[in-house]
Structure formats: C-alpha cells, structure tokens
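Inside the fold
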Amino acid sequence: IARRQRQMCIRDRTYPKTRQERAKLYLHCMIEMRERIGVINSLIVWPVPALFVREMCYLQLRHICEVLAIGCLAAQGDFKTLKAFRKEYRPPQIFNALRSLYPNFFPQPAKRTWVAGRHHLQGLNYSAAYDEQRISSLWSGAGDKLHRLSVDKYLKKSFGPEDSDLSDIKAHVEGVTHLLSGHVIPLNQNGEEKTLFHVEIEATPGPIHAHFLNFDSTHSTVEIESFKAELMQ
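If you're wondering where the values come from, they're calculated on a predicted model, not measured in any experiment.

Some details on a nonpolar patch on the surface
Nonpolar side chains collect at one region of the surface, where Val151, Tyr154 and Leu155 lie side by side and expose about 360 Å² of accessible area between them. As for its placement among the helices and strands, Tyr154 is situated in helix 6 (residues 151–156).

Here it is in structure tokens:
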C-alpha cells in the first residue's frame, strides 16, 4: 500500500481541474457544513423566542443541503455539468443531473477501523443517516418554512408553545451528521469505479481527513492518497 499526504488550504476560487483540487473543494464544503451544524446547536439553546430560532435553524439546514450538492459535483469532477449548473443552487436538480451520469454519486456512510494491524473500511446501513431523497425533502421543506410572508401563511403561524418543540430540527441535524461523520463516494473514471473517496469528520473543531483509495486490480494493491483541511481563521 502506497501513501501520500497533503495539507490543503482553501484560497483560490477557480473551478477545480485536478483530483487534488476537487478534494480541496469537497473538504471545504464539509468544513462549512460542520460549522453550520455548530451554529444550529448554538441557536437551539439561545434565549430568544422559539419562532426565530426555528427560522434561523432552517436557514442553516437549507444552506447545508445546497453545500452538500456542490460537494457532490466537486467529488465527481463532472465539469461539463458543473459549468451548466454554476448558477444552480437547488439540490434536487443537481442530484438528478448527477444521477443520470453516476448512479452512485451520493455519499454513503462508512466507518474505518483498525483490526490486527490493518485498516478496514466498512459500509454502514444507518437508517438514521439521511439519503439523497431526505436531503432533497429537507431542502424543500426548509424553504417552505422560511417563505412565510404571505397573508395565508402568516395567519397560520403563531408564537405559541408549539413553536418551542425543536425536535424536528434536532432530528435533521442527527440525520445529516450520521451521513457525513464518515462516508465514501465511488468516483467514476472512464466509466469505471476504481477509486473510493473516503472522508472522516470529527464533531469537534479540527482537521477533516480524506483519502483517495485507488484500486489496482492487476496487482491487487491499493494506493492511498491522504488529505486534510481545516477552517482558516
């Protein structure tokens, strides 16, 4: 097993061209999503009326869905689609375009363990982890909750005690966290999936780690190319 490691900072704003640049953009998306989840956790305990807490939390959740869609585009490196969608922000439309080309484009929960001196990467079937459909539904539902300033919607809204139940927001955060804390994406190259992109995200501030696992079936070997990125203050 060969291993290479790189430290990355997010500075340029050009469309990524190389695999390393795609990894950098993807990890930047993961950092932003983790920070937004942290904002939600802070808002939940903020001593202001729950109606405002709900609105601010759903704004963050909506942004999280959009950033995840950008990350999925970056991971596959489909720049023809990326150019076509450079102004597109709606996750369902981005997901539909990617699925038509790469059926396995969406992140899948996975866990890396160390057993008998070897790394083991195991796919996980977390029912609590949000899948593509739940992310799309969350994005649509969040938009509906935020766009409330019509007369009909306003009259249906209240400042009553029912707004103080934030269990739905907590469930959304849990679903996104289960999906992203450890996950893999098969990368399509020339019509074949011979590379796995593996990402590990810690809940606390610090670097996010990623690995390209390049499988060589001819020699029965795996080359591991490692990256890490962290928030730049």
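Additional details are given in the paragraphs that follow.
Thoughts on the packing of helix 1 (residues 19–44) against helix 2 (residues 50–76)
Interaxial distance between helix 1 and helix 2 falls to 9 Å at its minimum, and their mutual angle equals 170 degrees. The angle between helix 1 and helix 2 falls in the class roughly antiparallel. Crossing angle aside, the handedness with which helix 1 passes helix 2 is left-handed. When the residues that make up the contact of helix 1 with helix 2 are grouped by side-chain class, the tally is 21 nonpolar, four polar and three charged.

Concerning the packing of aromatic side chains
Tallied over the full model, the rule gives six aromatic pairs. The interplanar angle of 85 degrees and the centroid separation of 6.0 Å between the aromatic rings of Phe105 and Phe106 together place this pair among those described as edge-to-face. For the pair shown, Phe105 and Phe106 are each scored as buried.

Topic: the pattern of salt bridges
As enumerated under the stated definition, the model contains five salt bridges in all. With a shortest N-O distance of 2.8 Å, Glu88 and Arg90 are connected by a salt bridge. Classification of Arg90 as partly exposed rests on a relative accessible area of 32%. A salt bridge links Arg99 to Glu132; the shortest N-O distance between them is 2.2 Å.

What counts, and where the lines are drawn
Residues numbered from 1 in each chain as written. Predicted model: local features only at pLDDT ≥ 70, side-chain atom pairs only at ≥ 80, totals over all residues. Heavy atoms only, no water. Patch = residues over 30% accessible without salt bridge, like charges linked within 9 Å, V, L, I, M, F, W, Y side chains within 5 Å. Areas by Shrake-Rupley, 256 points an atom, 1.4 Å probe, with all protein chains shown as cover. Salt bridge = Lys/Arg side-chain N within 4 Å of Asp/Glu carboxyl O. Helix = DSSP H or I, 4+ residues; strand = E, 2+ residues; numbered from the N terminus. Axes fitted to C-alpha atoms, helices over the stretch in contact; angles between N-to-C directions. Parallel < 35°, antiparallel > 145°, perpendicular 65-115°, else oblique. Left-handed = near helix turned anticlockwise from the far one by under 90°. Nonpolar A, V, L, I, M, F, W, Y, C, P; charged D, E, K, R; others polar. Phe/Tyr/Trp six-rings, centres within 6.5 Å; stacked < 30°, edge-to-face > 60°. Buried < 20%, exposed > 50% of the residue type's maximum accessible area, 1.4 Å probe, protein only.

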